[in-house]
Structures are given as C-alpha cells and as structure tokens.
Amino acid sequence: SMKFTYTKGIVLSVIFCVALIYFALGTGFGFSFRHVNHSGYYGLLLDAFEHGQLHIRVKPDPHLLKMKAPYSPEETKPYRVQDATLHDGKYYFYWGPVPAFMRALLLDNMHESFYSFLYILGCAVVSLLILFHLRKHYFQAVKNRWLLLLYMYFIFNGSVLYLLGCVGIYYEAIAAGQFFLLLGLYNYLISLTLEHNKRKHTIYLLLTSLFLGLSVGSRVSFAPTALFVFGYEVYRLRPHFNWKKVLAIGVPLLTFLGLLGLYNFLRFGSFLDFGIKEQLLGPLYPTFEPMASLQNIPNNIKNYFFSIPSHTMYPPYITTNPLRYILYERVIASVGILSPLLLLIFLPVQCKQAQKTIYTFFIAGTGITVMVLFYLMPYSPIRYFFDIIFLLNFVAAIKTMAALEQYKKYKAIAVKIYLVIALAMLFSYGWAFWLYAIREYHVPSYFGYNQKVFKDHNMDRRYIDPFFNNPQFTDDVLLNAELKQQ
C-alpha cells in the first residue's frame, strides 16, 4: 500500500511538471490561450456539423470556380482555402472528423492551439502510465529513477516539442489520433493482465476497441495499427474462442471504420475517398503521386538509405533529394536526432519470455505504422514523426529495461551513462525543433528569443530567418516584438 501511494505520488508530480512545461511551450511562453469560438479548420468543420451539413460554410471564391485548372498550385494560391478539398463547388476537409466532435464536448471556445496542447499532454500522461505498467508487470527490478529518465525521451524529444509549437488542423488531427491510439494500447495492456477475470477482461477489450476507433476517426493512417491489435487479440483468443470478447474488441473499432466510410460516401460517393485527390495543395498538384501506394516503396528505400544526405539550417537538419519534393524528405538516420533513446533498440539483450512477447507486440505494431507513413506515402513531413515517436520509444524503452535487468555490472553501467549523457542531445535538439515551429506560428516570441543575435549582426534578418524571405517577419512584427522585449 505504501509503495503504491509512493508511485502514485511520483506519477502525479511528474504529470504536473510536464503540464506546466507544455503549457509554457504551447503558448510560446505567453502562458495563456485565447478565447475564440470555432477557431481554425476544425472550428469550421464543427460549425458545418452544427448546421446539418458536411461541407464547410465558407463559399469558394468565384475566380476559383471559373478556372480551367482549379487545382493548379500557382493559379489557385490567391483564392483557395489552403489544403481544403474542392468538390462539386464546395469545400470539404480530408482530416478525420472525431476531433471536431471532441471540441463540441469542450464547448469549442478556445484557440485551436489549446486542443493540440491537450492531446499532446494526454499523450505524455498515458505514456507515463504505460511505462509504469510495463515496469510493474515485466521489469520489476528497474528502479523509478531509471524509469523516469527513460520518460524524459518520451516527453522532450524533437517531434513532441515541434508539435507543441505548431498551430493548425494538421497538428490537432495528428495529436488526437496519437492520444487515442496510446489510450487504446494502455487499455489493451491492462486487459492482458486480467484474463483470469472474464468480466473485467471484456470491459478493457471494449475500451481498447473504442479508443482505437476514435484514433482511426481522427487519423485514418492508424487504421492498419488498430486492425493489427484487433487481429492479434483474436489470434490470442483462438484456443478458447469467446464470442463476447471478440465482439468487445471488434465492434466499436469496426463501427468507427464503417462510419468513416459512410462519411466519405456521403461527401464524395465512395467509401474510400477522403478527398485527397481534389485537395488544394501548395507546391504540387494533388494527383502528383498516389497516396499510400506500394509503388512508393522503392523510391523511399532509395532516398532513405542510398541517397547522399545534405545538411540544412532547419530541422531535421539532414535531408535527401530536396529537388524531388521540397518538403523535408529525409534519411531514416535523422530519427535518432528526435530521440537518442532509439539507438538502444539495437541492444543485444536476451529478454525473458514474457518480455519478448510484449516487445514483439510493440515492434510489430510500430512497424506497421512506420510502413504506412514512411514507405507507402510519397513524402513525410516532420509532423509525421509524431505518429511513431511514442511507439518507437516504447520499443527502445522495453529493450533498455531488459538490459538494465539482464546486463552484468559494466554493461549496465554503460547503458546508464549513455542515458544520462544523451539527455544533452535530447534537450538541445528538442529546443531547436520547438524554435523552428514557433518561427512560423509564434513569430513575435521567436523574434524575441533572437533579439541579441539580430542586433549583434547589425539587424541582419538572415540570422533570424533561415529561409531569408519569410513574409511573416514584417517590419511591424519585428518592431512590436522589440518593443515588448524592452
């Protein structure tokens, strides 16, 4: 009882500290979120739902509808709603609708960055719960201090801090999908320890399926991972097949998949059409390359492993073949920059049978997500890393905890030294990714942090803006930021 209370106190204390740090970073150290009704794209989507329609109530510009090439990136730029889908003279959004309904539950009267902050904080909370669960049931010899040190890699890596600094529908959808996925995995892990209690086991399977369904309804790219969990549980149940448990793990998830297909059919006449082909993109035509296609695999393998990397001034600092697609195509090695913990996946440690089973489960689920987002997709912006960073860190954490238990004295000491030293890399690169994000979304704050550099280089903007020509850095913005600093 005392040990449980002590652990619970640690969890609550850590969560409180993380919430404060995330609040500061998510607001650009402004320490407040603005009150705005129906903020951002999901605000527009919720507004559409409230008025009984699936297309948003923003009418396309007449110039856009008269164009011979209404999807031309250059010609539509002055008239389009960026990244919206233009179909049959109406605007739609291809992102999953679940975050819009979540906003309705929260009254939707806050700035859109607030909701991303909540989901990212939720990811951090659930990740800590999963780590303690794994330690309790599979790695009991690992002490709290090493568990919390591992946790630093979950909450302060470049991908998480980058998403905290960003504002927009991309990030809200991604953060929501990841949050619900982690909740689903947490409930599934609990269910694995309750097989002796049929009622509780069934309830947790039901919760698992519900949260996995919400994840897919936020971001459809999690569908293969969610279906993997469903298939894995059905496979486990095969010796003593139980229809109640199969229905519990299957019905909510499959219902969400069906509703998502119906949502597409009512909008575009096809269950599998999310509106991506008619999306109004920035640099490329929407149909430039097929999305999530097997034919993208050879080119991605070539770019990730066989292209000569080049250095850039902005995250992830290592890119390949920038002429093919201007958005951050990168070598896989740059994932290690996001979280140095990932290098410990390659530790040659002999896991016990139960540890090996849970490790296999995580690495299989993670592998499916990586395949969908980084091999089947034609390109991978920085924000996609948020979809895998927690899962990859769990794979690495399981390997590391096994090493701390199994390794003899000097090998274990070497692992601990690495964990401590690599924190410096984690914090420095995490901070850099966050600065890169607020450069676009919190311009006055970003300029304020660079005031000294700006003045030391005779007011040369190149030292503030790596691209040298960011139209957001107007004289008024820079002057106002300077006055705030004074």
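Residues numbered from 1 in each chain as written. Predicted model: local features only at pLDDT ≥ 70, side-chain atom pairs only at ≥ 80, totals over all residues. Heavy atoms only, no water.

Within the protein one finds 19 helices and four strands. Sorting the 486 residues of the protein into buried and exposed places 56% on the buried side. Nonlocal contacts in the protein, meaning residues at least 24 apart in sequence, comprise 74% of its contacts between residues at least 6 apart. (Helix = DSSP H or I, 4+ residues; strand = E, 2+ residues; numbered from the N terminus. Buried < 20%, exposed > 50% of the residue type's maximum accessible area, 1.4 Å probe, protein only. Contact = heavy atoms within 4.5 Å.)

Looking at the element boundaries, Tyr-71 is found in the loop between helix H3 (62-66) and strand S1 (85-87). Along the sequence, Tyr-71 and Leu-86 sit 15 residues apart, while their C-alpha atoms lie 8.4 Å from each other. Among the polar contacts made by the side chain of Tyr-71, one reaches the main-chain carbonyl oxygen of Leu-86 at a distance of 2.5 Å. Separated by 3.5 Å, the side chains of Tyr-71 and Glu-278 make a polar contact. (Polar contact = N/O pair within 3.5 Å; in protein donor to acceptor, adjacent residues only side chain to side chain.)

Let us look at the packing of helix H10 (residues 223-236) against helix H11 (residues 243-268). Running from amino to carboxyl end, H10 crosses H11 at an angle of 160 degrees, the nearest separation of the two axes being 10 Å. Here H10 lies roughly antiparallel to H11, going by the angle between them. The crossing of H10 and H11 is left-handed. Contacts between H10 and H11 involve Ala-223, Ala-226, Leu-227, Phe-230, Glu-233 and Val-234 on the former and, on the latter, Val-246, Ile-249, Gly-250, Leu-253, Leu-254 and Leu-257. (Axes fitted to C-alpha atoms, helices over the stretch in contact; angles between N-to-C directions. Parallel < 35°, antiparallel > 145°, perpendicular 65-115°, else oblique. Left-handed = near helix turned anticlockwise from the far one by under 90°.)

What follows concerns a nonpolar patch on the surface. A cluster of nonpolar residues, Leu-259, Leu-262, Phe-265, Leu-266, Phe-271 and Leu-272, forms a patch on the protein surface that exposes about 640 Å² of accessible area. As for its position among the elements, Leu-259 is in helix H11. (Patch = residues over 30% accessible without salt bridge, like charges linked within 9 Å, V, L, I, M, F, W, Y side chains within 5 Å. Areas by Shrake-Rupley, 256 points an atom, 1.4 Å probe, with all protein chains shown as cover. Salt bridge = Lys/Arg side-chain N within 4 Å of Asp/Glu carboxyl O.)

In this structure the tally under the stated criterion is 37 aromatic pairs. On the basis of an interplanar angle of 50 degrees and a centroid distance of 5.1 Å, the ring pair of Tyr-232 and Phe-361 is categorised as tilted. Pair noted here: Tyr-232 is in helix H10 and Phe-361 is in helix H14 (residues 353-376), with a separation of 129 residues, a long-range link. What makes Tyr-232 partly exposed here is its relative accessible area of 21%. Relative to Phe-385, the ring of Phe-374 has its centre 4.9 Å away and its plane inclined at 45 degrees; by these criteria the two rings are tilted. Here Phe-385 lies in the loop between H14 and helix H15 (386-406) and Phe-374 lies in helix H14, a separation of eleven residues in the sequence. Its relative accessible area of 3% is what places Phe-385 among the buried residues. We note Arg-383 situated over the ring of Tyr-170; from NZ or CZ to the ring centre the distance is 4.0 Å. (Phe/Tyr/Trp six-rings, centres within 6.5 Å; stacked < 30°, edge-to-face > 60°. Lys NZ or Arg CZ within 6 Å of the ring centre and 35° of its normal.)

All right, on to the nonpolar core then. Residues Tyr-22, Leu-134 and Phe-362 are the most contacted members of the largest nonpolar core, which totals 152 residues. Residue contributions to this core peak at 18 residues, all from helix H8 (residues 169-192). Beyond its immediate sequence surroundings of up to four residues, Leu-134 is in contact with Phe-139, Leu-189, Ile-358, Phe-362, Phe-394, Ile-398 and Met-401. (Core = buried A, V, L, I, M, F, W, Y, C linked by side-chain atoms within 4.5 Å.)

Another aspect to go through is the environment of Thr-76. Residue placement: Thr-76 occurs in the loop between H3 and S1. Overall, Thr-76 belongs to the buried group, its relative accessible area being 1%. Linking Thr-76 and Leu-280, residues 204 residues apart in sequence, is a C-alpha distance of 7.8 Å. Other than its neighbours up to four places away in sequence, Thr-76 contacts Leu-64, Met-67, Ala-69, Pro-70 and Tyr-71.

Evaluated as defined, the whole model comprises two cavities of 30 Å³ or more. Considering only enclosed or pocket space, the largest cavity measures out at about 50 Å³ in volume. Lining the largest cavity, in full, are Leu-185, Thr-225, Phe-228, Val-229, Phe-361, Phe-362, Gly-365, Thr-366 and Leu-391. Within the residue set of the lining of the largest cavity, elements represented by two or more residues are H10 and H14. Examining the composition of the lining of the largest cavity, we find that four residues originate from one element, H14, more than from any other. Taken together, the residues of the lining of the largest cavity sort by class into six nonpolar, three polar and no charged. Estimated volume of the second largest cavity: approximately 40 Å³. (1 Å grid on protein atoms, 1.4 Å probe; cavity = no way out; pocket = protein on both sides within 12 Å on 5 of 7 lines; lining within 4 Å. Points joined across faces, edges and corners; volume = space filled by probe spheres on them. Nonpolar A, V, L, I, M, F, W, Y, C, P; charged D, E, K, R; others polar.)

Okay, the pattern of salt bridges next. Inspection of the entire model under this criterion finds six salt bridges. Taking the shortest distance from any N to any O, the salt bridge between Asp-47 and Arg-57 comes out at 2.8 Å. Note that Asp-47 is positioned in helix H2 (residues 40-50) and Arg-57 in the loop between H2 and H3, a separation of ten residues in sequence. Of the residues examined, Asp-47 reaches a relative accessible area of 12% and is grouped as buried.

A few words on H2. Inspection of H2 places Tyr-42, Gly-43, Leu-45, Leu-46, Asp-47, Ala-48 and Phe-49 among the buried residues, and these make up the whole buried set. Of the surrounding elements, those touching the buried residues of H2 are helix H4 (98-105), H8, helix H9 (198-218) and H11. Remark: Gly-52 follows H2 within two positions and exhibits a positive phi of approximately 70 degrees.

Let us now look at unusual backbone geometry. With a phi close to 55 degrees, His-38 is a non-glycine residue in the positive phi region. The residue His-38 is located in the loop between helix H1 (2-26) and H2 in this model. Accessibility expressed as a relative area gives 26% for His-38, which makes it partly exposed. Positive phi, normally seen in glycine, also occurs at Asp-88, with a value near 55 degrees. Tracing the sequence through the fold places Asp-88 in the loop between S1 and strand S2 (90-92). Asp-88 gets classed as exposed once you look at its relative accessible area, which sits at 67%.

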